[in-house]
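# Reading the structure
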Amino acid sequence: MIALHTQMARTDGYTETLVDDVRLTRSTQSTTKSPVMYEPCIAIAIQGRKRTYFGNETMQFDADHYLVVAVPMPFTATTEASPEQPFLGISIRVDRTTLADLMFAIDQSDTEVPAMPKGMMVTRMDERLRDTVLRLLEALNSPLEARVLGPGIVREICYRALMGEQGAAMRAALTSQGQFGRIAKALRRIHADYAADIDVGMLAAEASMSVPAFHVHFKSVTHCSPIQYLKSARLLQARLLMARNDMTAQAASAQVGYESPSQFSREFKRYFGRSPSEEAHAVRRLLNVQPVEAARLI
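Rules behind the numbers
Residues numbered from 1 in each chain as written. Predicted model: local features only at pLDDT ≥ 70, side-chain atom pairs only at ≥ 80, totals over all residues. Heavy atoms only, no water. Core = buried A, V, L, I, M, F, W, Y, C linked by side-chain atoms within 4.5 Å. Buried < 20%, exposed > 50% of the residue type's maximum accessible area, 1.4 Å probe, protein only. Helix = DSSP H or I, 4+ residues; strand = E, 2+ residues; numbered from the N terminus. Contact = heavy atoms within 4.5 Å. UniProt positions renumbered as here; feature names shortened; annotations may be inferred. Patch = residues over 30% accessible without salt bridge, like charges linked within 9 Å, V, L, I, M, F, W, Y side chains within 5 Å. Areas by Shrake-Rupley, 256 points an atom, 1.4 Å probe, with all protein chains shown as cover. Salt bridge = Lys/Arg side-chain N within 4 Å of Asp/Glu carboxyl O. Phe/Tyr/Trp six-rings, centres within 6.5 Å; stacked < 30°, edge-to-face > 60°. Lys NZ or Arg CZ within 6 Å of the ring centre and 35° of its normal. Pairing = 2+ DSSP bridges. Axes fitted to C-alpha atoms, helices over the stretch in contact; angles between N-to-C directions.

Here we come to the nonpolar core. Soluble globular proteins: nonpolar side chains tend toward being buried together. The biggest cluster of nonpolar side chains holds 91 residues, and the ones touching the most others in it are Ile 42, Ile 44, Ile 90, Ile 92, Leu 136, Ile 157 and Phe 214. No other element matches the eight residues that helix α10 (residues 226-245) contributes to this core. When residues no more than four places from it in sequence are discounted, the contact partners of Ile 42 are Tyr 66, Leu 67, Val 68, Ile 90, Ser 91, Ile 92, Val 94, Ile 157, Cys 158 and Ala 161.

Another aspect to go through is the UniProt feature "domain: HTH araC/xylS-type" (unreviewed entry) in the protein. Per the UniProt record, the feature "domain: HTH araC/xylS-type" (unreviewed entry) sits at residues 184-282. As annotated, residues 184-282 has a helix share of 75% and a strand share of 0%, and its two end C-alpha atoms lie 31 Å apart.

Taken together, the side chains of Leu 144, Val 148 and Leu 149 present a nonpolar region at the surface, about 290 Å² in accessible area. Following the sequence through the fold, Leu 149 ends up in the loop between α4 (143-148) and α5 (150-162). Overall, the relative accessible area of 42% leaves Leu 149 in the partly exposed class.

Let us look at the packing of aromatic side chains. This model, assessed by the stated rule, comprises seven aromatic pairs. An angle of 70° between the planes, with centres 5.3 Å apart, marks the rings of Tyr 258 and Phe 264 as edge-to-face. Its relative accessible area of 12% is what places Tyr 258 among the buried residues. Residue classification places Phe 264 among the buried positions, given a relative accessible area of 0%. Measuring from centroid to centroid gives 4.9 Å for Tyr 271 and Phe 272, while their planes differ by 85°, and the two rings are edge-to-face. Here Tyr 271 falls in the partly exposed class, since its relative accessible area comes to 26%. Aromatic rings pair up to connect Tyr 258, Phe 264, Phe 268, Tyr 271 and Phe 272 into one cluster. Between Lys 33 and the ring centre of Tyr 53, over which it is positioned, the NZ or CZ distance is 4.1 Å.

A separate point is the sheet that holds strand β3 (residues 31-38). One open sheet accounts for four strands, arranged β3-β8-β5-β6; its pairing is antiparallel. Pairing within the sheet leaves two strands with one partner each, and these edge strands are β3 and β6 (57-61). With direction set aside, neighbouring strand axes in the sheet form an average angle of 30°. With five bridges joining them, strand β5 (residues 49-54) and β6 adopt antiparallel strand pairing. Counterpart to Phe 54 in the pairing with β6 is Glu 57.

Next up, the structure:
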């Protein structure tokens, strides 16, 4: 698996693949705690280790554990890596249509006791899932197999995750029912339009909750208040815009909903510990997105 991954991802950063929902990650440098936000995904480590700090929880995923993020979550993370043993990972975007189809099939024969939904969880990698990940890497190394077999293998990985040790909690989160579902809908509302004039009263009304009840349920899912989440989401999106699109801090701040560039700069430095330009430069080196052609065998 390490050899197959290394053939495609030769430099630090992200490498796109011939399967739209799959990208490879590589890092030869350890990182200290830094704020991140993952979109719904299944994150698999082939080599190296990451730790995530979510509320009072510390979760670790490595070659024996994978991370599932059911709803967009801000948290802090560290990476353990070195030039001799780089961190090698696979990120699979969670496609809601595929998951809905799988969960419908699973629910027809499921006899498990309903579980409490979780927005983020780490689960032990079993042999069947490990074998499926190996087959995915093999397919990604062949343009023809990637196009023909890749989507089916990704679907199988999603199925294995849904049926894993914490599959019931994952399915409960992804069905978007009950209070968790209402909060998940509010999170999607925030991410659909960062620049909108969103306030907590509006989100609570859309979730059919009182403001106090919305605060309680929101924090139980995200481990932060709605205002903290909105601020984190905007600042993280602005960082991405500056790093990927070479936007100025002023342009990025306006695009995510800040009216005052000076307020944006103050809050950005408080959140990341560096100025917008310093942070964008650092992240640009880490992202280093390689095009899909880099994943092709020569």
